[in-house]
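If you want the building blocks of each chain, they are given just below.
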Amino acid sequence: METGVELIEFLRPTENVKNLYVTRIPELYTEEELYEKLYKVFSKYGLLYEIQLIEAKVSNRNKIVHTSSNRSAALLTNSTDESTPSSFYAFVKYFSARAAARAKYDLTGKLVLKGQIPRIQFAKRKKTTEDASQCLRLQHCQELANYYLGFNGWSSTVISIKPYDDESIGVTENKACFVCIVRLDIVNQGLTSEGMGVWTEAYHDPVSKLEAACKSKKFAQKRAMEDAFSRIILIVLENGKVSAEVNTTAVTPWQADIGFDVDKLLKVNDVDEPPTADIDDYDVDIPETTAELDAMNEEILLQLQEDS
């Protein structure tokens, strides 16, 4: 069992000690039934990052991924009839290694799934090059903060959000780019964390220019929030008490003159292309009527007048 102090960062959990591998699951569950059962059992031990259900005994295995914020299945290969019971194995991933260890200790040999005892062990996945990029999505950041700090335990403030124009980072004509700086405050601990985000959107006419500016502004703020969260380290004691620290070794916007990591913060999308999964995850609504656009983007219009 894990003891002592545990450090939890606002990064994607990739360590095998946070990932439980569940096998020998009976072929009596549909995908939705199995997910609901596993979520109900394993979420009692801590906040889940995701549950992956993978169909076994098929030539082309189907991986179904559920995150803690979205329980709807995302079928990554061939589609199947969800009403037909299938044989699955699962990966149950926590943010906390201690939570994963407790779940394994308590449930091994005791969890019964329709008369059968599944096998629970730590995953033995090899790290890939993708694991090097561990940026945690904003929705997961908020869930993690709410779980350990409480809904009123933190707050955010936009310090600055403004257009940015620099050909050296790919911002050229017909592209709207915004840079945002935010501050996160950890209530009652006197801690602050600052983050910066950049987003670029392409446009082709005055109408799409306004939409691109609106989207760029929103996503820049979200990226700034993710950046600010990534600097926070949660210190969790065995008795459940939680404190926080800020990673002071990370380079902040105030320590470098606009010297941000372009690969991490800059995202370019063409507004004529269908939204990507990356954009859909943020669930941003673009106003549909002229009145709504004018009301929400008066400030943007004023900022863009010089470029018109």
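Residues numbered from 1 in each chain as written. Predicted model: local features only at pLDDT ≥ 70, side-chain atom pairs only at ≥ 80, totals over all residues. Heavy atoms only, no water.

Participant: Could you give an account of the overall build of the chain, with specific residues and numbers?
Facilitator: Each helix and strand counted, the chain has eight helices and 13 strands in total. Every one of the 308 residues in the chain was classed for burial, and the buried ones make up 44%. Once local pairs closer than 6 in sequence are excluded, the contacts in the chain between residues at least 24 apart make up 72%. Carbon and sulfur atoms make up 48% of the accessible area of the chain, which totals about 16,500 Å². (Helix = DSSP H or I, 4+ residues; strand = E, 2+ residues; numbered from the N terminus. Buried < 20%, exposed > 50% of the residue type's maximum accessible area, 1.4 Å probe, protein only. Contact = heavy atoms within 4.5 Å. Areas by Shrake-Rupley, 256 points an atom, 1.4 Å probe, with all protein chains shown as cover.)

Participant: Describe the environment of S230, naming the residues involved and giving the relevant values.
Facilitator: Inspection of the secondary structure puts S230 in the loop between α4 (206-229) and β11 (232-236). Expressed as a C-alpha distance, the spacing of S230 and E194, which sit 36 residues apart in the sequence, is 9.7 Å. Only 2.6 Å separates the side chain of S230 from the backbone oxygen of D227, close enough to count as a polar contact. (Polar contact = N/O pair within 3.5 Å; in protein donor to acceptor, adjacent residues only side chain to side chain.)

Participant: Run through the sheet that holds strand β12 (residues 242-246), naming residues and quoting values.
Facilitator: The sheet built from three strands is open, its strands ordered β1-β11-β12 with antiparallel pairing. At either end of the open sheet lies a strand with only one pairing partner, and these are β1 (6-9) and β12. With strand direction ignored, the average angle separating the axes of adjacent strands in the sheet is 30 degrees. Two strands pair when backbone bridges link them, and β1 and β11 are joined in this way by four bridges, in the antiparallel orientation. Bridge assignment links E9 to a residue of β11, and that residue is I233. The strands that helix α3 (residues 138-149) touches are β1, β11 and β12; relative to β11, the one it contacts most, it runs at about 35 degrees. (Pairing = 2+ DSSP bridges. Axes fitted to C-alpha atoms, helices over the stretch in contact; angles between N-to-C directions.)

Participant: An account of the packing of aromatic side chains is needed here, citing residue identities and associated values.
Facilitator: One pass over the full model with this rule turns up nine aromatic pairs. Measuring from centroid to centroid gives 5.8 Å for Y21 and Y89, while their planes differ by 85 degrees, and the two rings are edge-to-face. Here Y21, found in strand β2 (residues 19-23), pairs with Y89, found in strand β6 (residues 88-94); they are 68 residues apart in sequence, far enough to count as distant. When its relative accessible area of 24% is taken as the criterion, Y21 is described as partly exposed. Note on Y89: relative accessible area 14%, which makes it buried. Between Y89 and F91, the aromatic rings sit 6.2 Å apart at their centres with planes inclined by 75 degrees, giving edge-to-face as the arrangement. An aromatic cluster is defined as three or more aromatic residues linked by ring pairs; in this entry it consists of F10, W154 and F229. (Phe/Tyr/Trp six-rings, centres within 6.5 Å; stacked < 30°, edge-to-face > 60°.)

Participant: Run through α3, naming residues and quoting values.
Facilitator: If you check α3, its first and last C-alpha atoms are 16 Å apart, about what twelve residues at 1.5 Å a residue would give, namely 16 Å. Among the residues making up α3, those that are buried are L138, H140, C141, L144, A145, Y148 and L149. With its buried residues spanning 160 degrees around the axis, α3 presents them on a single face. G150 lies just past α3 and shows a positive phi near 90 degrees. (Expected span 1.5 Å × (residues − 1). Arc of directions from axis to C-beta.)

Participant: How would you summarise the confidence of the model for the chain if you had to cite specific residues and measurements?
Facilitator: Put simply, the chain has an average pLDDT of 77, and 66% of its residues get 70 or more. Across the chain, the secondary-structure element scoring lowest on mean pLDDT is strand β13 (residues 268-270), at 39, and the one scoring highest is helix α2 (residues 97-107), at 97. Within the model, the stretch residues 72-80 combines pLDDT values under 50 with 24 contacts to residues more than four positions away or in other chains. Under a pLDDT of 50 for its full length, residues 252-290 has, in the predicted model, 77 contacts with residues more than four places off or in other chains. (pLDDT = per-residue confidence, 0-100.)

Participant: Let's hear about the state of the cysteines: which residues, and what values?
Facilitator: Going through the model one piece at a time under the given rule, you end up with zero disulfides. Cysteine C141 shares no disulfide, and the gap to the nearest cysteine sulfur, in C135, comes to 6.8 Å. Note on C141: relative accessible area 0%, which makes it buried. (Disulfide = S-S within 2.5 Å.)

Participant: Lay out the environment of E245 in plain terms, naming residues and giving numbers.
Facilitator: Positionally, E245 belongs in strand β12. E245 sits in the partly exposed class, given a relative accessible area of 42%. For the pair E245 and I235, spaced ten residues apart in the sequence, the C-alpha separation amounts to 7.5 Å. Excluding residues that lie within four positions of it along the chain, E245 makes contacts with L191, R231, I232, I233 and I235.

Participant: Kindly report on the nonpolar core, identifying the contributing residues and their values.
Facilitator: By size, the foremost hydrophobic cluster in this structure holds 35 residues, and its most contacted members are F10, L144, W154, F229, I232 and L234. Elements with a minimum of two residues in this core: α3, β8 (154-163), β9 (175-186), β10 (191-202), α4 and β11. Of the residues forming this core, the biggest block, eight residues, is contributed by α4. Membership of the second largest hydrophobic core comes to 23 residues, among which are V22, I25, V92 and L107. (Core = buried A, V, L, I, M, F, W, Y, C linked by side-chain atoms within 4.5 Å.)

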